[in-house]
Amino acid sequence: MPRLPERGLIDRNRTLKFRFDGTQLTGHLGDTLASALLANDVRLVARSFKYHRPRGVVTAGSEEPNALMQIGQGRAVSPNTRATVQELYNGLRAESQNRYPSLAVDFLQVNDFLSSFLSAGFYYKTFMWPKALWEKLYEPAIRKAAGLGALSGKDAEELFDTAYAHCDLLVIGSGPAGLMAALTAGRAGARVILAEEDFVFGGRLVSERLEVDGQSCAEWAAWAVAELDALPNVALMRRTTVTGAYDGGTFGALERVADHMATPPEFCPRNTFWRIAAKRTVLAGGAIERGIAFPWNDRPGVMTAGAVRSYLNRFAVCPGKDAVVFTNNDDGLRTAQDLEDAGAVVRAVVDTRPDAQIGTWGRAFPGGQIVSTSGHLGLTSVTIRDLNGVETTMPADLLAVSGGWNPSVHLTCHMNGRPVWDADISAFVPKVGAVPGLTSAGAAAGRFSTHAALADGAEAAIAQLADIGISASPVEVPDAEDAPVAITPFWHVDAPGRAWLDLQNDVTTKDIALAHQENFRSVEHMKRYTTLGMATDQGKMSNVGGLAIMAELSGREIPEVGTTTFRPPYSPVPIAAMAGRHGRDQFQPHRHPPSHALSLERGASFVEAGLWHRAAWYPQPGETRWRQSCDREVAMVRNAVGICDVTTLGKIDIQGPDSAELLDFVYANAFSTLKVGRVRYGLMLREDGFVMDDGTTARLGPTHYVMTTTTAAAGQVMAHLEFVRQCLRPGWEVSVTSVTDQWAQFAVAGPASREVLNKLLDVPIDDASMPYMSCGPVRIGGVDGRLFRISFSGEHAYELAVPARHGDALVRELTSQAEARGGGLYGMEALNVMRIEKGFITHAEIHGRTTADDIGMGRMVSAKKDAVGKVLSTRPGLHGPERQQLVGVRPVDPGERLRSGGHFFDEGADVKPSADLGYATSVCHSPTLGHDIGLGFLVNGRARLGDRVRLVDKLRGGEVLCEVVPTPFVDPEGGRLRG
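Residues numbered from 1 in each chain as written. Predicted model: local features only at pLDDT ≥ 70, side-chain atom pairs only at ≥ 80, totals over all residues. Heavy atoms only, no water.

It is not clear to me how helix α20 (residues 807-819) should be interpreted in this structure. Could you clarify?
One full turn of an α-helix is made of 3.6 residues, so residues set three or four places apart face in the same direction. Taking 1.5 Å of rise per residue, 13 residues should cover 18 Å, and α20 covers 18 Å from first to last C-alpha, within 8% of that figure. Every buried residue of α20 is accounted for by G807, L810, V811, L814, T815, Q817 and A818. Projected down its long axis, α20 carries its buried residues within an arc of 165°, all on one side. (Helix = DSSP H or I, 4+ residues; strand = E, 2+ residues; numbered from the N terminus. Expected span 1.5 Å × (residues − 1). Buried < 20%, exposed > 50% of the residue type's maximum accessible area, 1.4 Å probe, protein only. Arc of directions from axis to C-beta.)

So, in structure tokens, the structure goes:
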């Protein structure tokens with residue numbers, strides 16, 4: 001059996017049962033799925049993406065390109081899970097992917113026999129002709145073949161969460177450098193977060209048989225973690241992968257909270273995505289071992305030498321009985337020793353260095369190369385070519401390969417930094433300062449010995465803390481091995497057969513040669529042409545090998561070829577984890593205005609408006625269609641009084657000595673001349689000169705204003721004000737605060753509106769005390785409130801605001817008073833009808849493509865002051881008769897129905913794009929007028945009043961002859977709202 005009788009960090013007293021492709025197997029607590037499979041002598045675990053070749057476990061970490069599994073079942077299925085990261089738990093169910101019908105017999109392996117026709121870039125050349133087959137054959141076939149695993153297609157039931165953390169020092173990785181950095185900072189009293197993607201702290205220390213400070217490196221790591229765990233200022237985050245580096249010392253991190261649990265506790269999230277804000281950071285993420293490209297190097301049983309040591313020393317699993325080691329550095333020799341000590345037969349050590357001092361492990365082949373392998377579903381033999389060119393074939397079921405180590409530079413490249421080539425270790429190392437506030441240490445910085453990593457981690461922590469004013473005392477570095485790096489670069493073997501670089505995407509050395517031949521020699525072009533490094537491992541093992549081959553072919557050095565762009569995330573992150581709790585009903589939270597409970601009681605129908613659910617209409621007994629309710633509510637407001645909840649409008653409190661200057665700058669019209677106690681309508685432009693939003697702003701005091709925005713644009717306007725305040729005018733003394741949720745606000749509209757208010761206000765109002773477009777403080781039953789005399793309905797109207805906690809009580813009292821006078825509640829549909837009757841605009845008209853001149857408000861752009869968007873609004877083409885201008889339309893036949901979205905054409909004109917004159921934005925049936933009316937944009941519309949145009953709806957069918965008319969449709973003199 002591959003399981004060793006001794007060694008390892010597994011708990012042999014805890015046996016766990018799991019299934020792989022339906023077969024029940026056993027493992028132990030502390031196993032990964034990969035180590036448990038190897039312990040059960042399961043070597044075939046996957047099929048490659050393109051050719052469906054048999055594949056086995058290659059690594060022991062998150063860089064694994066082959067062993068991707070589908071974990072779980074039903075709704076909770078999780079595809080593309082790396083078996084080398086997935087912890088074993090009792091009852092785990094794993095299924096292999098990308099095969100049909102089974103791993104051992106995969107019909108799609110026919111692709112491998114067609115590999116000559118499926119070389120790099122074949123799809124660019126093949127699917128161009130015949131053109132008609134793209135949608136009928138090629139695209140459906142490609143889509144069906146794409147991907148590895150598959151989602152369930154059902155809404156998952158698991159919880160995901162997001163969280164935030166702050167620290168003085170973030171340490172990424174818990175190998176020797178990370179542990180020393182955390183110990184140094186923790187002892188100095190700094191707030192430290194130690195993030196480790198594994199479920200065991202220690203990094204490579206738990207996979208080696210070295211000594212640190214006179215004890216085994218695993219024991220020393222456990223001692224260090226115990227001390228850190230006892231420090232109250234240190235947070236240990238296991239199972240946490242730092243996935244990306246961002247501005248301001250912010251890092252994204254995925255914590256796998258419950259991926260190792262068969263049944264998570266109630267309300268426990270499966271994953272938590274962290275945003276970590278760190279004053280300083282030490283990257284101690286170690287290094288990734290790379291392979292060597294040689295013919296048929298992809299068979300199950302070919303593994304990296306470091307991974308073999310991990311399975312031997314950490315998981316007590318010997319991945320093979322007859323082993324061969326292929327290396328270009330001393331690290332491979334360490335693997336040979338560990339294999340022999342574990343009882344495996346080391347048949348040969350093949351070292352590409354002619355002067356290599358190879359021990360007595362089997363046959364020694366200094367200057368040798370592996371030139372071929374055999375075995376269909378697993379490695380059975382290897383062929384070795386010695387320094388003299390003589391070839392020898394010997395049995396082997398395990399081939400441990402070490403082509404050197406690549407420091408984990410990925411996070412240092414996430415802010416456009418490029419790594420630097422270090423010829424001493426034949427690898428790229430991080431560029432200093434690539435990420436502000438971050439420094440690399442240990443193997444991540446190219447310092448591979450244990451002692452060098454320990455010392456480097458301590459020094460990095462001291463230097464980083466000094467930058468933020470925290471003094472850390474030098475620490476004594478433990479004794480540990482300090483062997484120099486001994487490597488001679490060797491990238492690929494020149495021999496017949498396919499040699500793989502990217503194992504998941506089936507990219508070979510011949511694909512790189514073809515890319516070079518066809519002039520795809522830029523590193524980014526080569527990547528996309530061959531798909532090298534575009535698999536789920538993002539080329540962690542393959543990129544440097546591909547660069548080396550391109551360098552050889554083009555006669556350049558590897559640094560001249562350059563590297564591809566590393567982007568976050570470092571390893572795959574479920575989209576659900578980034579969304580956290582913002583899924584299902586919480587994706588867009590249900591925001592309810594204060595009248596919601598009353599609206600439910602009255603049987604209202606609701607509509608989404610911005611982020612809110614607002615009442616659309618309130619049906620009465622006998623009303624079976626929404627139009628009946630809407631028409632009644634409009635007539636009610638026009639003839640009596642109506643109550644509407646307008647809490648959802650954005651409300652922004654603006655205070656400070658420079659408040660007036662800010663308003664003048666963000667509005668196209670002037671606000672510095674507005675008197676205290678008055679309200680003014682304002683038009684806001686974007687920087688490109690187009691209309692952003694409109695609304696009213698009230699001046700409550702000499703330096704105190706309240707701006708009202710549309711419901712839909714509340715967030716956009718708030719962000720715009722902050723941008724202006726912080727970036728364009730940082731010297732101004734002004735604060736802006738969103739108070740939308742702090743105030744409940746209700747429109748009281750109609751001829752009896754003042755009568756209703758005077759029944760509630762502590763001090764009654766009249767035209768003298770509250771004229772049109774005025775505002776002021778009021779008291780309602782001893783509660784302080786605000787009253788604004790403004791109207792969106794065109795009627796004599798007010799908006800009354802009180803603290804939000806009083807909103808429900810107030811709307812009930814207002815409704816009671818209104819109903820006593822023949823009025824009541826009205827909803828969004830009636831409000832929309834009344835605003836169209838008055839020609840008022842909403843975001844149906846100011847949808848981001850219209851200018852102030854288009855909507856007939858060009859004169860509002862003040863010539864006496866500067867404003868955001870003013871200059872660009874004067875550009876040629878943004879005003880004039882060739883533009884589509886806002887107009888009103890009504891059907892010539894009052895019985896005809898208008899449809900929004902229809903397009904305008906002249907009478908007799910062909911319905912074609914070149915004859916298109918504009919479109920209708922808002923239409924409704926006006927109960928006040930007895931027929932449909934609408935607003936729309938018409939080329940040179942203001943000059944065409946009285947003309948007739950056709951409103952054509954090609955989508956829903958139909959055509960209506962309309963007359964172009966001025967607005968407002970109702971009460972054009974404004975006597976009602978001013979009376």
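From this point, the narrative continues.
So what exactly am I meant to see when it comes to the environment of C775 here?
Residue position: C775 is located in strand β40 (residues 775-780). We classify C775 as buried; its relative accessible area is 8%. Once the C-alpha coordinates of C775 and L700 are considered, the two residues, 75 residues apart in sequence, prove to be 7.5 Å apart. Once residues lying within four places of it in the same chain are set aside, the contact partners of C775 are G677, R678, V679, A698, R699, L700, M770, L787 and F788. (Contact = heavy atoms within 4.5 Å.)

What should I look at first to understand the pattern of salt bridges in this one?
Side-chain pairs of opposite charge can arise where the charged atoms are in close proximity. Applying the stated criterion across every chain, the model contains 53 salt bridges. With a shortest N-O distance of 2.9 Å, D506 and R55 are connected by a salt bridge. One end of the pair, D506, is in the loop between β29 (500-502) and β30 (507-508); the other, R55, is in strand β4 (residues 54-55), and 451 residues separate them in sequence. For the pair shown, D506 and R55 are each scored as buried. Close ionic contact of R209 with D338 constitutes a salt bridge, the shortest N to O distance being 3.3 Å. In this pair, R209 sits in the loop between β9 (192-195) and β10 (211-212) while D338 sits in helix α8 (residues 331-341), placing the two residues 129 residues apart along the sequence. Classification of D338 by relative accessible area gives buried; the value is 4%. (Salt bridge = Lys/Arg side-chain N within 4 Å of Asp/Glu carboxyl O.)

Explain the nonpolar core to me, please; I cannot follow it from the model alone.
Soluble globular proteins tend to pack their nonpolar side chains together in the buried interior. One finds F18, F20, L33, L37, Y311 and L339 to be the most contacted residues of the largest nonpolar core, which totals 50 residues. A per-element tally of this core places helix α1 (residues 33-39) first, with 6 residues. For L37, the residues in contact, after removing those within four places along its chain, are F18, F20, L25, V42, V45 and M69. (Core = buried A, V, L, I, M, F, W, Y, C linked by side-chain atoms within 4.5 Å.)

Would you mind going over empty space enclosed by the protein with me for this structure?
Where empty space is left can be seen by rolling a probe of water-molecule size over the atoms. Scanning the entire structure with this criterion turns up 7 cavities of 30 Å³ or more. Each pocket or cavity is described by its volume, and for the largest cavity that value is around 310 Å³. Forming the boundary of the largest cavity are 27 residues, of which G291, I292, N297, W500 and M541 lie nearest the centre. Of the residues belonging to the lining of the largest cavity, the class tally is 14 nonpolar, 7 polar and 6 charged. (1 Å grid on protein atoms, 1.4 Å probe; cavity = no way out; pocket = protein on both sides within 12 Å on 5 of 7 lines; lining within 4 Å. Points joined across faces, edges and corners; volume = space filled by probe spheres on them. Nonpolar A, V, L, I, M, F, W, Y, C, P; charged D, E, K, R; others polar.)

What is the right way to look at a nonpolar patch on the surface in this model?
Together, Y100, V105, F107 and L108 make up a nonpolar patch on the protein surface, roughly 430 Å² of accessible area in all. The residue Y100 is located in the loop between β7 (92-95) and α2 (110-113) in this model. (Patch = residues over 30% accessible without salt bridge, like charges linked within 9 Å, V, L, I, M, F, W, Y side chains within 5 Å. Areas by Shrake-Rupley, 256 points an atom, 1.4 Å probe, with all protein chains shown as cover.)

Mind showing me how you'd approach the pairing of strand β37 (residues 704-709) here?
In the case of a regular strand, side chains alternate between the two sheet surfaces. Counted residue by residue, β37 has 6 buried out of 6 residues, so it is predominantly covered. The alternating pattern of β37 places H704, V706 and T708 and Y705, M707 and T709 on opposite faces, both of which are buried. Here strand β34 (residues 650-655) pairs with β37 via 6 bridges, running antiparallel. Within β37, the residue paired with Q655 across the bridge is H704. (Pairing = 2+ DSSP bridges.)

What is the right way to look at the side chain of Q885 in this model?
Residue placement: Q885 occurs in strand β44 (residues 884-891). Within the structure, the side chain of Q885 is placed 3.2 Å from the backbone nitrogen of G941, a separation counted as a polar contact. Sequence-distant contacts of Q885, that is, excluding residues within four places in its chain, are made with D853, D854, G880, G936, F937, L938, N940, G941 and R942. (Polar contact = N/O pair within 3.5 Å; in protein donor to acceptor, adjacent residues only side chain to side chain.)

Would you mind showing me how to read the pairing of strand β24 (residues 398-402) here?
The element β24 is extensively covered by neighbouring structure, given that 5 of its 5 residues are classed as buried. Burial along β24 is two-sided: L398, A400 and S402 and L399 and V401, pointing in opposite directions, are all buried. As defined by bridge partners, strand β17 (residues 302-304) adjoins β24 across 3 bridges and the pair is classed as parallel. Each residue of the ladder has a partner; that of T304, found in β24, is V401. Pairing analysis gives 5 bridges linking strand β18 (residues 322-327) to β24, with the strands arranged parallel. Within β24, the residue paired with V325 across the bridge is A400.

Which parts of the structure should I look at to understand the side chain of N271?
Within the secondary structure, N271 sits in strand β15 (residues 271-283). A polar side-chain atom of N271 sits 3.4 Å from a polar atom in the side chain of D259. Apart from the residues lying within four places of it in its own chain, the contact partners of N271 are L159, F160, D161, L254, E255, R256, V257, D259, P574 and A577.

Sorry if this is basic, but what is going on with helix α10 (residues 509-517) here?
Within α10, burial applies to T509, D511, I512, L514, A515 and H516. Just past α10, the residue N519 takes up positive phi, approximately 75°.

What exactly am I supposed to notice about the sheet that holds β7 here?
Across a sheet, paired strands are connected by hydrogen bonds in the backbone, their directions being either parallel or antiparallel. Pairing is mixed across the open sheet formed by 5 strands, whose spatial order is β2-β1-β7-β5-β6. Edge positions in the open sheet fall to β2 (23-29) and β6 (78-82), since each of these has one partner strand only. Direction aside, neighbouring strands of the sheet carry axes that sit 40° apart on average. Summarising the sheet, strand β5 (residues 68-71) and β7 pair through 2 bridges and their orientation is antiparallel. Paired with I71 across the bridge in β7 is A94. (Axes fitted to C-alpha atoms, helices over the stretch in contact; angles between N-to-C directions.)

Sorry, what's going on with the state of the cysteines here?
With the rule as written, the count across this model stands at 0 disulfides. There is no disulfide at C318, and the cysteine sulfur nearest it, in C217, is 19 Å away. (Disulfide = S-S within 2.5 Å.)

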